[in-house]
Amino acid sequence: MSSHRERPERAEPRTSLLIELRGDRPGALEAALAPFSRHGVGLTHIESRPRRGQTFDFYVDCEGDSDGAAMQAVLSELREAAVGVVVLDHRHVPWFPRHRSELDRIANNTLEAGGDLQADHPGFADPVYRDRRATVDAVARRHRHGDGFPAVAYTPLEHATWREVHKRLAELGHSFACREYRQALAELEAHCGYRDGIPQGRDVCTFLEARTGFRLRPVAGLLGARDFLAGLAFRVFFSTQYIRHGSWPLYTPEPDVCHELIGHAPMFADAAFADLSQEIGLASLGASDEDIERLARCYWHSVEFGLVREGGARKAYGAGLLSSVGELEHACREGSSANFEPWEPRRAANQPYPVTEYQPLYFVAESLQDAKARMREFCESLPRPFYARYNAATESVWVDRAVRREGQEVAP
């Protein structure tokens, strides 16, 4: 692995102010904001709230530290003009990454990984498989920002398992997968060797980055919802590298390399789907636990088990469907016993789901653009503590408020 490390970009300082304007004199707000322009202090957010009488409160978020010379000059002018102004405390929010390098702090917060398999796992009683899993997991745990995507020397048995899974899913995909998936899978087969055996993550990562800017990052197992969704904000998908047990090639109780590279990767080559995923990720940054749960349900019912209308038929775009022979047929064949509703994130956000059985309810979007637009509208409706935007050039998240991130434990 490369020893190269990029220095994380320092989060830009923000100051939040409460400005009180008395009376309804025309131009009062313009006059109060003029000092910011004169001293080169950029405004990132303004929110007005009327109070009793002829008094208005304006919450202003701006660039720069409250102790900086420019900000002090602004405050001095406002006070000299008898404008009431108070420097507000930072908003305290759950910790979230501000730079892509900070994903190192959450990538190893796995819920289950390595040899810690459940008793009902097909590989539980196979010591060779458990040792192999631990070896592959260790490769992911050593990965750090700036390293190249680690290669895994897969065994002939592992390649054979992949080929069986890929062949069966590709056959079903011709009938039940959405057009965007079919096109991307064909390109991955041509450029990354999907037909030959398990492709290397670095090759798939290069393919996706050239098309939508999405990247894969190795992970040793399942992450909690908050950590996993945070990666999507940076157009990063946490991807496992181990493969399911060969005795049961068409079933896995957990995400594996087949689920990641056959189910998820082709869809990340589509711009609308990539943007939908990032919308969920950005909305999760600093969100409350309740909103994380709502977003996780939206993710489940779209990115994992979403359907779209195509030519009057239901087609799959969710990875949980596209990597499961049985559930793909269950959701897309005519006469299915499942229930289907139009894609509505507000509804999906409150819809529980089973993890170990077929979904009783699927949400169907009119198109991937429709799925993205509705998801964006829902995210904008959440009571977010700040507005976040990803800057691809600096690999950092810009926020418009003064915030303090709290509560993050660093995984070993």
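Quick look at the structure, then.

### Points about the overall build of the protein
Step number 1: Scanning the protein from N- to C-terminus turns up 14 helices and 16 strands.
Step number 2: Its C-alpha atoms put the protein at 80 × 50 × 40 Å along the principal axes.
Step number 3: Within the protein, buried positions represent 54% of all 412 residues.
Step number 4: Within the protein, residue pairs in contact and separated by at least 24 positions form 68% of the contacts whose partners lie at least 6 positions apart.
Step number 5: When the accessible area of the protein is evaluated, it comes to approximately 18,700 Å², of which 49% is carbon and sulfur surface.
Step number 6: Side-chain charges in the protein split into 50 positive and 60 negative, and the spacing between the mean points of these groups amounts to 2 Å.

### Some thoughts on the sheet that holds strand β11 (residues 313–316)
Step number 1: One open sheet accounts for 4 strands, arranged β11-β10-β13-β12; its pairing is mixed. Bordering the open sheet on either side are β11 and β12 (339–342), each of which pairs with just one other strand. The mean inter-strand angle of the sheet, taken between neighbouring strand axes irrespective of direction, is 40°.
Step number 2: Relative to β11, strand β10 (residues 307–310) runs antiparallel, the two sharing 4 bridges. When the bridges of β11 are listed, Leu307 appears paired with Ala316.

### Considerations on the side chain of Thr15
Step number 1: Tracing the sequence through the fold places Thr15 in strand β1 (residues 14–22).
Step number 2: Looking at Thr15, its side chain comes within polar contact range of the main-chain oxygen of Gly64, at 2.6 Å.

### Topic: the environment of Ser302
Step number 1: Among the structural elements, Ser302 can be located in helix α10 (residues 289–304).
Step number 2: You can call Ser302 buried: its relative accessible area is 0%.
Step number 3: In the structure, Ser302 is positioned 27 residues away from Glu329 in sequence and 17 Å away in space, judged by C-alpha atoms.
Step number 4: The residues contacting Ser302, other than those within four sequence positions of it, are Leu276, Ile280, Tyr317, Gly318 and Trp343.

### Details of the packing of helix α1 (residues 28–38) against helix α2 (residues 69–80)
Step number 1: At their nearest, the axes of α1 and α2 sit 9 Å apart, and the two run at 155° to each other. Classified by the angle between their axes, α1 and α2 sit roughly antiparallel to one another. Crossing handedness for the pair α1 and α2: right-handed. The residues of α2 that touch α1, namely those facing Ala32, Pro35, Phe36 and Arg38, are Val74, Glu77 and Leu78.
Step number 2: Residue composition of the contact of α1 with α2, grouped by class: 5 nonpolar, no polar and 2 charged.

### Focus: helix α3 (residues 127–142)
Step number 1: For α3, spanning 16 residues, the distance from its first C-alpha to its last is 23 Å, which sits close to the expected 22 Å at 1.5 Å a residue.
Step number 2: The N-cap residue of α3 is Asp126: its side-chain oxygen and the backbone nitrogen of Val128 are 3.0 Å apart.

### Quick look at helix α8 (residues 257–264)
Side chains that are three or four residues apart share a direction in an α-helix, a result of its 3.6 residues per turn.
Step number 1: With respect to burial, α8 is a largely interior element, 8 of its 8 residues being buried.
Step number 2: Buried within α8 are the following residues: Val257, Cys258, His259, Glu260, Leu261, Ile262, Gly263 and His264.

### Quick look at the packing of aromatic side chains
Step number 1: Under the counting rule described, the total for this entry stands at 15 aromatic pairs.
Step number 2: Measuring from ring centre to ring centre gives 6.5 Å for Phe228 and Phe238, while their planes differ by 45°; the resulting arrangement is tilted. Taken together, the residues span a long stretch of sequence, with Phe228 in helix α7 (residues 225–233) and Phe238 in strand β9 (residues 236–239) at a distance of 10 residues.
Step number 3: Taken together, a centroid distance of 5.4 Å and an interplanar angle of 75° make the contact between Phe228 and Tyr299 edge-to-face. Highlighted residues: Phe228 in helix α7 and Tyr299 in helix α10, separated in sequence by 71 residues. Summarising the burial analysis for this pair, Phe228 and Tyr299 share the class buried.

### Observations concerning the pairing of strand β13 (residues 361–365)
Step number 1: With 5 of 5 residues buried, β13 lies mostly within the body of the structure.
Step number 2: Because side chains alternate across β13, one face comprises the buried residues Leu361, Phe363 and Ala365, and the other comprises Tyr362 and Val364, equally buried.
Step number 3: As paired strands, β12 and β13 are joined by 4 bridges and run parallel to one another. In the strand pairing of β13, Asn339 is matched with Leu361.

Here is what the cut-offs are and how they apply
Residues numbered from 1 in each chain as written. Predicted model: local features only at pLDDT ≥ 70, side-chain atom pairs only at ≥ 80, totals over all residues. Heavy atoms only, no water. Helix = DSSP H or I, 4+ residues; strand = E, 2+ residues; numbered from the N terminus. Buried < 20%, exposed > 50% of the residue type's maximum accessible area, 1.4 Å probe, protein only. Contact = heavy atoms within 4.5 Å. Areas by Shrake-Rupley, 256 points an atom, 1.4 Å probe, with all protein chains shown as cover. Lys, Arg positive; Asp, Glu negative; His and termini not counted. Charge placed at Lys NZ, Arg CZ, Asp CG, Glu CD. Pairing = 2+ DSSP bridges. Axes fitted to C-alpha atoms, helices over the stretch in contact; angles between N-to-C directions. Polar contact = N/O pair within 3.5 Å; in protein donor to acceptor, adjacent residues only side chain to side chain. Parallel < 35°, antiparallel > 145°, perpendicular 65-115°, else oblique. Left-handed = near helix turned anticlockwise from the far one by under 90°. Nonpolar A, V, L, I, M, F, W, Y, C, P; charged D, E, K, R; others polar. Expected span 1.5 Å × (residues − 1). Phe/Tyr/Trp six-rings, centres within 6.5 Å; stacked < 30°, edge-to-face > 60°.

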